[in-house]
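Coordinates in review
Spelled out, the chains give:
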Amino acid sequence: MIDYKISADDLISILQLQPHPEGGAFRETYRSPIKAQTKNDRSVCTSIYFLIRQRQTTAWHRVKSDEIYHFYFGAPIELSLISPEGHFSKHILGTNVKNGERPQLIVSADHWQSARSLGEFTLIGCTVSPGFDFLDFEMIAIEKLTKMFPHLKLD
């Protein structure tokens, strides 16, 4: 049986999560030994745990690989995305599928993204393919993103 009274601090300790540069806490759980044929010889796949606390929003960022978000535990999470062409969308990850929440979301390569927990905390997983490399990770200030996409009302 799941202990629903677990706290964010408990999960950070038990799962051995560390601060992530974009906000939140994470730990890599898998890095494939198989290498993709890319310019920097990356693993074909990586996976992490990622935890976001209440009132915490991750920095706008993008990666050069496809990313799959998996909902694990806690409150639903809201993901805001901007495609390279400037199309904005919001998605809710969670277990209430009758209300439109989904337990999984695919974010295509080079899409700007930001996430926020809609409750006390959210624990998700992220799988990246080809595998994640900080060389292919870019954060951006919201002011610069607003200048790139002036038609969007970002907060």
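Because the structure is a prediction, the values reported are computed rather than measured. (Residues numbered from 1 in each chain as written. Predicted model: local features only at pLDDT ≥ 70, side-chain atom pairs only at ≥ 80, totals over all residues. Heavy atoms only, no water.)

**As for the packing of aromatic side chains**
Where two aromatic rings form a pair, the distance of their centres and the angle of their planes describe that pair. In plain terms, the rule: Pairing of aromatic side chains here covers Phe, Tyr and the six-membered ring of Trp, requires ring centres within 6.5 Å, and sorts the geometry by plane angle: under 30 degrees stacked, over 60 edge-to-face, intermediate tilted. Each residue's exposure class comes from its accessible area (1.4 Å probe, protein chains only) as a fraction of the maximum for that residue type: buried when under 20%, exposed when over 50%, partly exposed otherwise.
Within this structure, the stated rule accounts for five aromatic pairs. Ring geometry for Phe132 versus Phe137: centroids 5.8 Å apart, planes at 65 degrees, classification edge-to-face. The same class applies to Phe132 and to Phe137, which are both buried. An angle of 85 degrees between the planes, with centres 5.6 Å apart, marks the rings of Phe134 and Phe137 as edge-to-face. The class for Phe134 is partly exposed, based on a relative accessible area of 42%. Under the relative-accessibility criterion, Phe137 is labelled buried at 15%. The structure contains a cluster of three or more aromatic residues connected by ring pairs, namely Phe132, Phe134 and Phe137.

**Side note on unusual backbone geometry**
Put simply, the rule is: Comment: elements are numbered from the N terminus, with helices defined as DSSP H or I runs of at least four residues and strands as E runs of at least two.
Each neighbour pair has its own omega, and for Ser129 with Pro130 the value is -10 degrees, a cis peptide bond. Among the structural elements, Pro130 can be located in the loop between strand E10 (121–129) and strand E11 (137–140). Phi is positive for Asp110, which is not a glycine, with a value near 70 degrees.

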